[in-house]
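# A look at the structure
Each chain, letter by letter, is given below.
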Amino acid sequence: MTHLIWLQRDLRLADHAPLFKAIQRQQKLVIAYIHDPKLTLGEANSAWLAHSLVSLQKSIEAKGGDLLMLEGDFESCFECLLKEHSIQQVSYHYEVGKPFQVQQNLALNVCKKFKVSLQPFDQAWLPVDQVLSQKGGTYSVFTPFYKKLLTLLNQVALPLNEPQDLSACKLTQPSPLPADLITISQQPWAKQMLSHWQSDKGELTIGEDAALKRFNDFLQQDCNDYPDARDFPAQPSTSRLSTHLQFGELSMRQLLYRLQAAKSNPEYQVHALDVFIRQLSWREFGRYLLNFHPQLENEPFQAKFAQFPWDNRPDLIALWQHGQTGFPIIDAGMRELWHTGWMHNRVRMLVASWLTKNANQSWQHGQAWFANTLIDSDPANNAMGWQWVAGCGVDAAPYYRLFNPVVQSEKFDADAQYIKQWVPELKALPARYCHAPWLHRDSLAQYGFKLGENYPKPSLDLQLSRAQHLQRVETNKNYT
C-alpha cells in the first residue's frame, strides 16, 4: 500500500500527525505538495511559500526521502498523482477557508472516484465541536470562547515527535520547485520584501528550523516584556511567529506545550506566558468561526451590515494602499506592509479603522489588499480581523471601535520612531510634529517642510468623518 501525505499549510516534520501515523504503519510513502496558481492566497504569501518548500525539501532529503512538488490544475494533478503512484490512502491536515476548501472538496471527489481512502487530521488545539457552550451552542464572542478554552487546555494532545527516517518516501528523481513560485520569488519586489526576513548572516529565516529559533529567541529575550511592550510598533517585542504559523512551519500545539512547560521555570513570568497564550487563542477563535460560518470570508457576520452605506472612493483606497493618506501612523503601517509583507498588530487595527470608519470604505477592500500583500495572510484571521474592526463581525459591542490615529500614534509611538522609519519625509521633524503635521503648519516652515509638497495633506477630516461614521452606525442599528 502506498500512502500519500498531502501537504497544504503544514510545511514541517515535527508534530505532523498524518506523517507520524503513516510512518508508524511502516507504509510506502509519497509526501506531495500541489501548487495550483489559481488557488493561492496572494503574491506575498507565494514568495514566502517558495522558500518554505525548498527548506522542507532539504529537511526531507536529509532524512533519506524526497518531497514531490506538482504544478497545474489541482484536480488533474491530484488525479495523476493517485494513478502514477498507485495511491491507496491519502492523509492530510484539514484546513478552513478558500482556497483550501476548494482543494479539499476536489480531493474528496477524486478519492471517491478511485475508491481511495481519504483521512483528515486536525491541527487545532481541540476539535471545534468540543469547544461549545453549556447548551451545546457555538461561541460568537472571544471572551466566553477563551474562558471555555482555558478549561479544556489540559486535553490538548502533546506534540508528536519528528521522524528520523524518511527513506520510505524516496523518489526516483528529485522534484523541482513549481515554475510559478520560482518566477514570483525572483521578482525584485519579492527579493526586497524577503530581505527584511534575513538573519545577521544574510540567510533567510524561513522554514521549520528558523521558526523554532524565532520562538526560542522570543521566549528567552522578549516574552517577559510582552504584556507591556507588544502595543509599541517601534519595539521588537512581538513574536513575529504569525508567518511561520500560517505556513505550518510550527504547530500551535508545539507552542502551547512549550509555553505551558515554561511556567515551571522561574526565569519566565507566568502572567506574560498567559498573555501570549491568550493572543494565540485568537488564532484558534478565527479558525473556529470560519469552520462554523464559512460565509464570513464574503459576507458580514451581522446581517444588518449587508445594506450598510459604504462609499465608493477608489481614490481614497489607493491613497491608503500606498501609504499616502496624510496620516503618518497610517502611512507608516501601510508602507511597512508594502516593504516587508508584515505589519505590527496594533497598527493593523489602526489602518483598518481608518479605511472602514473614517474613509467609509468596505472592509472587503482591506481584506483583499491584506490577502495579497501579507506574507502571513490567513483566510480565517483576515476575515475575522477586518470584520471585528469594521463592526460587522463577531463582537459584543462593535459600533464604537473607532481608533483616532493621532491619539494612538502619540500613545504608542510617542517619539515617532516607527513613523520616521517608514515615513522618511518626516525624519527631520521633531517627534511632536510627526503625529499630526497639519496642526503645526507654521512651525514646520523652519525645517524647510511644506505640507502638500514634502508630505501629503490629510485626505479627510478626522472629526467630521468620525461624526459621520457614528451617525451611520446609529442609523444602521434600526436595520434587521
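Report follows, based on the coordinates. Note that the coordinates shown come from a computational prediction; the quantities given were computed from them, not determined experimentally.

## Quick word on the packing of aromatic side chains
Inspection of every chain in the model, using the stated rule, returns 30 aromatic pairs. Considering the side-chain rings of Tyr226 and Phe276, the 5.2 Å spacing of their centres and the 85° angle between planes classify their relative orientation as edge-to-face. One end of the pair, Tyr226, is in helix 9 (residues 226-229); the other, Phe276, is in helix 12 (residues 270-292), with 50 residues separating them in the sequence. Each member of the pair, Tyr226 as well as Phe276, carries the same accessibility label: buried.

## Brief notes about the layout of surface pockets
Looking at the largest pocket, its volume works out to about 1,200 Å³. In this structure, the largest pocket is lined by 38 residues; those nearest its centre are Gln279, Trp282, Asn345, Arg346 and Arg348. At the level of elements, helix 10 (242-246), helix 12, helix 15 (345-358) and helix 17 (379-390) are the ones that each hand at least two residues to the lining of the largest pocket. Within the lining of the largest pocket, the residues separate by chemical class into 19 nonpolar, 10 polar and nine charged. By volume, the second largest pocket amounts to about 900 Å³. What lines the second largest pocket is a set of 32 residues, and nearest its centre among them are His196, Trp197, Gln198, Arg214 and Arg240.

## Digging into helix 13 (residues 314-321)
Within the span of helix 13, buried status applies to Leu316, Ile317, Trp320 and Gln321. All buried residues of helix 13 lie within an arc of 135° about the axis, which places them on one face of the element. Next to the buried residues of helix 13 lie helix 14 (328-340), helix 15, helix 16 (363-373) and helix 17. Count one or two residues on from helix 13 and you reach Gly323, which has phi positive near 65°.

## So, unusual backbone geometry
With omega at 0°, the peptide bond leading from Lys98 into Pro99 counts as cis. If you trace the backbone, Pro99 turns up in the loop between strand 4 (87-93) and helix 4 (100-114). Even without a glycine there, the phi angle at Ser86 is positive, about 50°. Secondary-structure assignment places Ser86 in the loop between helix 3 (74-84) and strand 4. The class for Ser86 is partly exposed, based on a relative accessible area of 48%. With a phi angle near 55°, Asn360 is a residue other than glycine that sits in the positive phi range. Within the element layout of this structure, Asn360 appears in the loop between helix 15 and helix 16.

Rules and cut-offs
Residues numbered from 1 in each chain as written. Predicted model: local features only at pLDDT ≥ 70, side-chain atom pairs only at ≥ 80, totals over all residues. Heavy atoms only, no water. Phe/Tyr/Trp six-rings, centres within 6.5 Å; stacked < 30°, edge-to-face > 60°. Helix = DSSP H or I, 4+ residues; strand = E, 2+ residues; numbered from the N terminus. Buried < 20%, exposed > 50% of the residue type's maximum accessible area, 1.4 Å probe, protein only. 1 Å grid on protein atoms, 1.4 Å probe; cavity = no way out; pocket = protein on both sides within 12 Å on 5 of 7 lines; lining within 4 Å. Points joined across faces, edges and corners; volume = space filled by probe spheres on them. Nonpolar A, V, L, I, M, F, W, Y, C, P; charged D, E, K, R; others polar. Arc of directions from axis to C-beta. Contact = heavy atoms within 4.5 Å.

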